[in-house]
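Fold and geometry: a report
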Amino acid sequence: MSRQILTYLITLLIVAVTGVSDLQAQVDSLRIDSLPVDSLQIDLAPGIDLENARVNAAVADTTLQDTTSGPPEPAITIVPWKYNQAIDAQMVSNDSLMRWQNWPDWTVKKNRDPGVLSFRLGTVGRSNAIMIDAHEPRHQQLLWEDIPMQNRVSGTVNWNVIPIHKIESIHEQNRGITHTSNFHLKQYYVNKPRSRLIFDESKYDRRALEFWVTQNFTQKTNAELSYWDRRGGGGYSNSSFTGSQIFARVYHQYDNKQFFKLRFLTGSRNLGEPFGYNIPDLQNFAFNRFSATANQSSGRSESGNTTVALSYHRRPADSTLVTERFRAGMFMNNQKRLVRFSEDTTSYTLGSVGAYAHKWMELNPFRVEGLLRYELFTNREREASSLDIGRWSQLTATGNAAFEPVAWGKAVGRASFRQRGQQRDYSIGADMELDFSGRLKLVGGGSRGTRMATLQQLYWSSSGVEGSENLNPEKITELHGSAELRLFSGGSVGGRGQLKQIEDGILLNTDGQFVNIPGYEAISVTGFMDFENSRFELSGSGTVQQYRNIQLDPAGEIPAFNTTRIWLKGGAYWKGYLFNRATYVKAGLSGMFSPRQYLAEHYDPALDYWQPASTDQPLPWYSRLDVDISARVRSIMFVLRFENVLDDVSQLGYFETAGYPMPPRRFMFGVRAVFNN
């Protein structure tokens, strides 16, 4: 039945698209890969400054004239808004890099990058984790334009909160004692209503349907609304997932210096929680989904998050300097989670309100920025909550500065401070960057600071797990360095390394107590190569990540946790026109190989918590190979993936987290279509 519906849907889309006569054909350009399917060229009119428009923004006159109400209002020149980033942030992906492939969530995209190891739980919609260089999952945070989006109780980042199909860019700050990701969503400047339909389907009930519509009511004002429905399963018992996400936004560009934006994002997830599967020997597991037994056959979790924000943005009067210099806003955030399993039921519902201000200054040869954020929290339904605290507040202040006296050299400094009640932490760091004529780039630096315990580690109370208010902050020292050599146009090789020393690390021991443990180290070394031109994209990398001397239970007899993880990755893609320029195609392979067994990060579903050390079994060696094919025909794009094609050929299956088998070989089909008017 689902295939009949899918066939009907595709037929309907093709008929509708071919009937649209005002869409222009693709043009011959080496930058065709930068034109998104939802940014088709349309008739332009006076009022848009094309020189300053972003490449992947839909740029057009936005005047909607009412012919019955007299002469139209004179057009003004609109320069599309460009958001600023932290001084030490680097863009790791954008819409141009993501739209040609199928990414169910950010961890699927990120685990192909050099220096990244993923720890996924078998199906979409779950709290899958990634290790980025030496930053373990519990030392990461996610921001949406300065608004924290990670779990405020456990500190875990659930990457499913990102509206992955709306990404304009994702920037990361990787040099420090923690890792920060900050995402921005696309904005539209259109003279006609525009809508988009996205559909994905594969085996094991995995389906996703998203529909959005956007329209400019005046040159200055745009509104957007979208709904995203997702569901899936891994074929194994009690692994189902259903979820949805609603996004709405209204922005008003008061003039070319000032900009207002109101945004709303809400999502919910309902999952079967197997708490892993009873697999006595991972090495000899047959990957039979009918015989595997869930540790919790009826475990369930329900979670949700809602964010409402109003922000004000300002940039210089000179329209050639389109990057903003100031933004401030107010926001409300609600987070809830409920887990039912045989031993207990855990839950919490948090509400928060906050405000922030972010300022950038250009004082040549200096660049300076500062961020101040204040939040008030309430633990609603405290009587039924697993969190033994009522109200609290948190203050966050960060500052960055760059000194660039010469074109080939730059020094960067950073500092941060947080306070929550009597708990506080800080970090300071510095880097030196040398860039010799774009051929050789060298970076080196370090950071030092503390990290206060999470609310869960301090105030949690449930069957078998207790927090402790006597925990000391973690003390972290971090060193990093990298080198990249550009051999020729489009080709480069390089490497990077990072070392973190953690004293008084906070982990959950085998007795269900959060405790400070003796010092341990996390080390990561990565080598990589890249090549790209108008026809080919080639990449390869190798990563060695290691933990040393983690005492999971200092008072017990469990030996120190030591493990070495090795990932080798590669990808090769071809792109170009076919069928007399009727379609633009990108096709290729991406794979990875882990040549030896290792101990993975451990996940506790009741706590929504990842930690580096456990008594789990080591993962067997494994490999994965995916085949990607995408084709754009006018305003419709087909995205195909053969996932894990070597399954049952070189191996019976594989794990990324102990006790959670990954899906077997499957075909994933996706279609994206844009409609004007």
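Scroll up a little and you will see the structure.
Attention in this report is confined to the structure presented alongside it. Not measured: the values here are computed from a predicted model.

What to know about the overall build of the protein
- Each helix and strand counted, the protein has four helices and 37 strands in total.
- Here the protein holds 677 residues, and the buried ones make up 57% of them.
- When the accessible surface of the protein is split by element, carbon and sulfur atoms take 57% of a total near 27,500 Å².

Some points on the side chain of T450
- Its place among the elements puts T450 in strand β20 (residues 440–451).
- On the accessibility criterion, T450 (15% relative accessible area) is buried.
- Those residues in contact with T450, other than ones at most four positions away along the chain, are I177, R424, D425, Y426, P473, E474 and K475.

Topic: the sheet that holds strand β1 (residues 90–94)
- Read from one edge to the other, the open sheet built from five strands follows the order β1-β6-β7-β4-β5, with strand pairing classed as mixed. Pairing within the sheet leaves two strands with one partner each, and these edge strands are β1 and β5 (147–148).
- Where strand β6 (residues 167–173) lies against strand β7 (residues 179–185), six bridges are found, and the strand directions are antiparallel. Within β7, the residue paired with Q173 across the bridge is T180.

Let's talk about the environment of D647
- On the secondary structure map, D647 appears in the loop between β34 (636–643) and β35 (655–657).
- The buried category is assigned to D647, whose relative accessible area is 7%.
- Residues D647 and R624 lie 23 residues apart in sequence; the distance between their C-alpha atoms is 7.8 Å.

Remarks on empty space enclosed by the protein
- On inspection of all chains with the given rule, the structure shows eight cavities of 30 Å³ or more.
- When its volume is computed, the second largest cavity comes out at roughly 270 Å³.
- Secondary-structure elements contributing two or more residues to the lining of the second largest cavity are β12 (258–272), β13 (300–314) and β14 (326–340).
- Taken together, the residues of the lining of the second largest cavity break down into six nonpolar, eleven polar and six charged.

A few points about the packing of aromatic side chains
- A full pass over the atoms with the stated rule returns 31 aromatic pairs.
- Pairwise contacts between aromatic rings join W81, Y189, Y251 and F259 into one cluster.
- Note that K586 overlies the ring of Y573, its terminal NZ or CZ placed 5.5 Å from the centroid.

A short note on the environment of R325
- Tracing the backbone shows R325 in the loop between β13 and β14.
- R325 sits in the buried class, given a relative accessible area of 18%.
- C-alpha of R325 to C-alpha of K257: the two residues are 68 residues apart in sequence and 9.9 Å apart in space.
- Discounting residues that sit within four places of it in the chain, R325 has contacts with N84, R314, R315, P316, H358, K359, W360 and E362.

Quick look at the pattern of salt bridges
- Within this structure, the stated rule accounts for 40 salt bridges.
- Measuring nitrogen to oxygen at the nearest pair gives 3.2 Å for the salt bridge that ties K166 to E224. One end of the pair, K166, is in the loop between β5 and β6; the other, E224, is in strand β10 (residues 221–232), with 58 residues separating them in the sequence. Each member of the pair, K166 together with E224, is buried.
- Connected via shared salt-bridge partners are R112, R120, R624, D626, D628, R641 and E656.

Looking at unusual backbone geometry
- With an omega of 10°, the peptide bond running from N364 to P365 counts as cis.
- By the secondary structure assignment, P365 is in the loop between β15 (345–363) and β16 (366–380).
- With a phi angle near 60°, N549 is a residue other than glycine that sits in the positive phi range.
- Its location among the elements puts N549 in strand β28 (residues 536–550).
- The exposure class of N549 is partly exposed, given its relative accessible area of 46%.
- In this model, N644 sits at a positive phi of 55°, which is unusual for a non-glycine residue.
- Summarising the element assignment, N644 is placed in the loop between β34 and β35.

A few points about the nonpolar core
- Counting residues in hydrophobic clusters, the biggest one holds 59 residues, and the most contacted among them are L387, F514 and I550.
- Those residues within four positions of L387 in sequence are excluded, and the remaining contacts are V153, L350, N379, R382, W392, L455, Q456, Y459 and W460.
- In terms of nonpolar packing, the next biggest core, distinct from the first, is built from 28 residues, V157, W159, I167 and F247 among them.

Points about the pairing of β16
- Where β15 lies against β16, 15 bridges are found, and the strand directions are antiparallel. Counterpart to H358 in the pairing with β16 is L371.
- In this structure, the hairpin formed by β15 and β16 is closed by a connection of two residues.
- Pairing of β16 with strand β17 (residues 391–406) involves 13 bridges; the strand directions are antiparallel. Within β17, the position partnered with T378 by the bridge is R391.

As for the pairing of strand β23 (residues 474–488)
- Two strands pair when backbone bridges link them, and β20 and β23 are joined in this way by twelve bridges, in the antiparallel orientation. Its bridge partner lying in β23, T450 is registered against K475.
- With 13 bridges joining them, β23 and strand β24 (residues 491–503) adopt antiparallel strand pairing. Bridge assignment links G481 to a residue of β24, and that residue is G497.

Thresholds applied
Residues numbered from 1 in each chain as written. Predicted model: local features only at pLDDT ≥ 70, side-chain atom pairs only at ≥ 80, totals over all residues. Heavy atoms only, no water. Helix = DSSP H or I, 4+ residues; strand = E, 2+ residues; numbered from the N terminus. Buried < 20%, exposed > 50% of the residue type's maximum accessible area, 1.4 Å probe, protein only. Areas by Shrake-Rupley, 256 points an atom, 1.4 Å probe, with all protein chains shown as cover. Contact = heavy atoms within 4.5 Å. Pairing = 2+ DSSP bridges. 1 Å grid on protein atoms, 1.4 Å probe; cavity = no way out; pocket = protein on both sides within 12 Å on 5 of 7 lines; lining within 4 Å. Points joined across faces, edges and corners; volume = space filled by probe spheres on them. Nonpolar A, V, L, I, M, F, W, Y, C, P; charged D, E, K, R; others polar. Phe/Tyr/Trp six-rings, centres within 6.5 Å; stacked < 30°, edge-to-face > 60°. Lys NZ or Arg CZ within 6 Å of the ring centre and 35° of its normal. Salt bridge = Lys/Arg side-chain N within 4 Å of Asp/Glu carboxyl O. Core = buried A, V, L, I, M, F, W, Y, C linked by side-chain atoms within 4.5 Å.

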